[in-house]
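# Inside the fold
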Amino acid sequence: MVVKVYGPAYASTKRVIACFIEKEIEYDVVDIDLFKGENTTPEYLNLQPFGVLPVIQDGDYTLYESRAIIRYYAEKYKSQGTELLGRTMEERGLVEQWLEVEAHNFQPPLYDLVVQLLFDPKLGLIPDQKRIKEDKEKLARVLDVYDQRLSTSKFLAGDSFSLADLSHLPFGQFLMTGLGKEYMIRDRKHVSGWWDDISNRPSWQKVLQLHPPAL
Ligand SMILES: N[C@@H](CCC(=O)N[C@@H](CS)C(=O)NCC(=O)O)C(=O)O
């Protein structure tokens, strides 16, 4: 059964697609254009009642929330493709810890920067400079913690690449390209080396090549 994934042009969906490629899971995409409101049609809301991307359909099984989806598939296909959940209970705990840090510390200020600096101007809205400054300060503090962690650990959860690292790719990519704030990564030696390791993986390069960003 080929899994259907909605909205490949958007960052949160790319988290899921990177996981599919690492786990060698076949998928088909359904394009959704947020700027045309295609996430607010009754058909889409029937699949994802909060109207955000992504959602997947696997036969008659429907699942939304990108991190729930990647956890589900990493567990379901544990022995296929790259092991992404850690090899021991302790590694699994660290994978979960850093997935939570990504969701609650890393992504929120970065998501807001993307909205303020990329989405809002496209909708004719004026970015809030005070919020942008606060977001950059918050993100800098988070990245300082990462730099410390990555000075003693090759990847966030230990010696091997895991969902914890993968989950940072879609929004980390905005720092490098869309937002032009690559200095936030490059000014931190260990974060910079880690970023090169994870973003040069064939899976992420394939995501970027197959699914160009909406903005
Ligand atoms: N927690 C959700 C968040 C998803 C999310 O924010 N998706 C964005 C695209 S990257 C979206 O659909 N935004 C449309 C909106 O907020 O109206 C997940 O990880 O699946």
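Residues numbered from 1 in each chain as written. Predicted model: local features only at pLDDT ≥ 70, side-chain atom pairs only at ≥ 80, totals over all residues.

The subject of this paragraph is the site of the ligand. Close contacts around the ligand come from Tyr-10, Ala-11, Ser-12, Leu-34, Asn-39, Gly-51, Val-52, Leu-53, Pro-54, Glu-65, Ser-66 and Arg-67, and that covers them all. Every element with two or more residues in the shell around the ligand is listed here: α1 (11–22) and α3 (66–76). Residue composition of the shell around the ligand, by class: six nonpolar, four polar and two charged. (Near = placed C-beta within 6 Å. Helix = DSSP H or I, 4+ residues; strand = E, 2+ residues; numbered from the N terminus. Nonpolar A, V, L, I, M, F, W, Y, C, P; charged D, E, K, R; others polar.)

Burial analysis of helix α7 (residues 169–176) places six of its eight residues in the buried class, which makes it a mostly covered element. For α7, the set of buried residues is Leu-169, Pro-170, Phe-171, Gly-172, Phe-174 and Leu-175. Structurally, α7 contributes buried residues whose contacts are with α1, α4 (89–122), α6 (163–166), α8 (183–186), α9 (189–199) and α10 (202–210). (Buried ≥ 20, exposed ≤ 12 C-beta atoms within 10 Å, placed from the backbone. Contact = placed C-beta atoms within 7 Å.)

What follows deals with the domain arrangement of the chain. For the chain, the assigned domains are domain 1 (3–81) and domain 2 (89–201). Of note, the centres of domain 1 and domain 2, computed from C-alpha atoms alone, are 21 Å apart. Taken together, the contact between domain 1 and domain 2 spans eleven residues of the former and nine residues of the latter. Secondary-structure elements contributing two or more residues to the side of domain 1 that touches domain 2 are α1 and α3. The element that contributes the greatest number of residues to the side of domain 1 that touches domain 2 is α1, accounting for seven residues. Class assignment for the residues of the side of domain 1 that touches domain 2 results in five nonpolar, one polar and five charged. (Domains from an automatic or database assignment.)

As a further point, take the packing of α4 against helix α5 (residues 129–150). The relative placement of two packed helices comes down to the angle between their axes together with the axis-to-axis distance. Taken N-terminus to C-terminus, the directions of α4 and α5 make an angle of 150°; their axes are 9 Å apart at the nearest point. Relative to α5, the element α4 is oriented roughly antiparallel. As α4 packs across α5, the resulting crossing turns out to be left-handed. Together, Asn-105, Phe-106, Pro-109, Leu-110, Asp-112, Leu-113, Gln-116 and Leu-117 of α4 and Arg-131, Ile-132, Asp-135, Lys-138, Leu-139 and Val-142 of α5 make up the contact between the two elements. Grouping the constituent residues of the contact of α4 with α5 by class yields eight nonpolar, two polar and four charged. (Axes fitted to C-alpha atoms, helices over the stretch in contact; angles between N-to-C directions. Parallel < 35°, antiparallel > 145°, perpendicular 65-115°, else oblique. Left-handed = near helix turned anticlockwise from the far one by under 90°.)

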